[in-house]
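Remarks on the overall topology
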Amino acid sequence: MKFALVPRLTKNVGLVALALSFTISVVQCPAQFTPLTGPSSTYSIPQAQLIQPEALVHLMQTKGADKPLLLQVGSHLLFDETHIAGSVYAGAGSQPAGLQQLQSVVATLSKKKSIILYCGCCPWNRCPNLAPAFRQLSDLGFTNVKVLNLPNNLGTDWVAKGYPVERSH
Amino acid sequence: MPPFALRQSMLTILLVVVFYAAGGERTALAATSLTHKRAPEFVRTDLNNKRLDLKAYRGKVVLLDFWATWCAPCEVEMPIFVAWQKKYGPQGLQVVGISMDDAPALVRKLYSKMRLNYPVAMGDVKLGNLYGGVLGLPMTFLIDRNGVIQAEYQGEPDLNKIEAQVQLLLNSR
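Cut-offs used in this document
Residues numbered from 1 in each chain as written. Chains lettered and ligands numbered in written order. Predicted model: local features only at pLDDT ≥ 70, side-chain atom pairs only at ≥ 80, totals over all residues. Buried ≥ 20, exposed ≤ 12 C-beta atoms within 10 Å, placed from the backbone. Helix = DSSP H or I, 4+ residues; strand = E, 2+ residues; numbered from the N terminus. Pairing = 2+ DSSP bridges. Contact = placed C-beta atoms within 7 Å. Expected span 1.5 Å × (residues − 1). Arc of directions from axis to C-beta. pLDDT = per-residue confidence, 0-100. Axes fitted to C-alpha atoms, helices over the stretch in contact; angles between N-to-C directions. Parallel < 35°, antiparallel > 145°, perpendicular 65-115°, else oblique. Left-handed = near helix turned anticlockwise from the far one by under 90°.

Some words on the pairing of strand β6 (residues 139–143) of chain B
Residues and elements named next belong to chain B.
- Burial within β6 is extensive, with five of its five residues counted as buried.
- Strand direction decides the pairing type here: strand β3 (residues 61–67) and β6, joined by five bridges, are antiparallel. Its bridge partner being in β6, L63 is matched across the sheet by L142.
- Linking β6 back to strand β7 (residues 149–154) in an antiparallel pair, the connection comprises five residues, with G147 at a positive phi of about 85°.

Considering the environment of I45(A)
Residue and element names in this part refer to chain A.
- Its location among the elements puts I45 in the loop between α1 (5–27) and β1 (50–51).
- The sequence separation of I45 and L130 amounts to 85 residues, and the corresponding C-alpha distance is 8.5 Å.
- Ignoring anything within four residues of it in the chain, the contact list for I45 reads L50, L130, A131, F134 and V147.

Quick look at helix α5 (residues 159–171) of chain B
Residue and element names in this part refer to chain B.
- Between its first and last C-alpha, α5 extends 18 Å over 13 residues, near the 18 Å set by a 1.5 Å rise per residue.
- Those residues of α5 that sit buried are I162, V166 and L169. End-on view of α5: buried residues confined to an arc of 70°, all on one side of the axis. Exposed side chains of α5 directed beyond 90 degrees from the buried face belong to A164 and N171.
- Elements that come into contact with the buried residues of α5 comprise β3, α2 (72–88), β4 (93–99), β6 and β7.

A short note on the confidence of the model for chain B
All names here are of chain B.
- For chain B, the average pLDDT comes to 86, and 82% of its residues sit at 70 or higher.
- Segment residues 14–30: pLDDT under 50, and 39 contacts once partners within four positions in sequence are set aside and those in other chains are kept.
- For this predicted complex, the interface score ipTM comes out at 0.73, while the overall pTM is 0.78.

Concerning the sheet that holds β7(B)
Residues and elements named next belong to chain B.
- The mixed open sheet is built from five strands, whose spatial order is β5-β4-β3-β6-β7. Of all the strands in the sheet, just β5 (120–122) and β7 have a single pairing partner and so form its edges. Going from strand to strand, the sheet's axes swing by 20° on average, the running direction of each strand aside.
- Two strands pair when backbone bridges link them, and β4 and β5 are joined in this way by three bridges, in the parallel orientation. Across the sheet, the residue bridging to I98 is A121, located in β5.

Describing the sheet that holds strand β4 (residues 88–89) of chain A
All names here are of chain A.
- Strand order in this open sheet of five strands is β1-β6-β5-β2-β4, and the pairing throughout is parallel. Both edges of this open sheet fall to β1 and β4, since each of them pairs with a single strand only.
- Here β1 pairs with strand β6 (residues 145–148) via two bridges, running parallel. Counterpart to L50 in the pairing with β6 is V147.
- Along the sheet face, helix α5 (residues 130–139) touches β5 (115–118) and β6 and points at about 170° away from the line of β6.

Re the packing of α2(B) against α5(B)
Residue and element names in this part refer to chain B.
- It is the contact of α2 with α5, at a shortest axis distance of 12 Å, that shows an interaxial angle of 25°. As far as their axial angle goes, α5 and α2 are roughly parallel. Crossing of α2 against α5: the hand is right-handed. Taken together, the residues of α5 that come into contact with α2 (itself represented by E77, I80, W84 and Y88) are L159, E163, V166 and L170.

A look at the packing of helix α4 (residues 96–106) of chain A against α5(A)
All names here are of chain A.
- Where α4 contacts α5, the axes come no closer than 10 Å and their chain directions differ by 45°. Our classification of the angle between α4 and α5 gives oblique. Of the two elements, α4 crosses α5, and the hand of that crossing is right-handed. Across the interface between the two elements, L99, L102, Q103 and V106 from α4 touch P132, A133, Q136 and L137 from α5.

A word on the confidence of the model for chain A
Residues and elements named next belong to chain A.
- Confidence along chain A averages 84 in pLDDT terms, with 78% of residues attaining 70 or more.
- Confidence drops under a pLDDT of 50 for residues 1–6, and excluding neighbours within four residues, the segment shows two contacts in the predicted structure.
- Segment residues 17–29 is flagged for pLDDT under 50; beyond a separation of four residues in sequence, or across chains, it makes 10 contacts in the model.

Structural notes on unusual backbone geometry
Residues and elements named next belong to chain B.
- L137 connects to P138 through a cis peptide bond whose omega is -5°.
- With respect to the secondary-structure elements, P138 resides in the loop between α4 (125–130) and β6.
- Positive phi outside glycine occurs at H36, with the angle close to 75°.
- Classification of H36 as exposed rests on a count of 11 C-beta atoms within 10 Å.
- Unusually for a residue other than glycine, R115 sits at a positive phi of about 55°.
- When you line up the elements, R115 lands in the loop between α3 (105–113) and β5.

Right, here's the structure in full:
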């Protein structure tokens, strides 16, 4: 029995196309979840004020470098579980009480103090804590504030990579 | 190789690639993975002051959901979990919620507002660490009827995929 080359190739290409389309459809981002928008959104934080995990690790490990104050502004319970080594809990940015706590933590600091905020409670584009905390520090006159960009969460983007952590308990 | 056998081989290879490219049960995980390990046992008191013992659900498929009131994606999932509890409960699904809030007041409010039809208890550092470190929410574990974790999801998972896995586990006896 003879098989024509072109129809056979066509069928195989068709199979590849079908498989690829299935793959694309199942790995697309889920449509049920939409990013946070507005002034509480992390998108309101200027790109120039973001710092990537690798850069922060490098800063932490560089001798003689001016070490920033690391402030976690999300969940206290998650902070107690695990937090970035040397960081301090400064209150949930999405809560008025949290912003008051943040204000207390930075009350005696120079306005030029290098501060890095982070959260990592949930996906970056859904975090309700970082933008309000960043805005609070800007309003208080702090001029050297950056925000750690954790796209997924602290576990995936920091702990899993073996970056330095501590536990409260 | 005969043409038919070649086509069969290509199809097999493609299907294998598609399965793995679509992702296994796990999304990116940071903490210790517990997939294929026995689900750590725990006993809590739920928001209705009832005893919540994970071991008591042996024989059922358990969807264990770590969430918090400040977690927006968690709120998206809850009505869907409520629907699944209603739909698949008779087949043996049990949804269990663990709140990682600092205090129960807001949790009780949301529990009532969302009309959750499954037990919810407060979590803590100990329980989080027991489950490999709950370092981001939402975090969901699928536990089979034998008490073994078959899948873990963190972040914003594909809920259609989770539902498909729930159905698979319910049908596996």
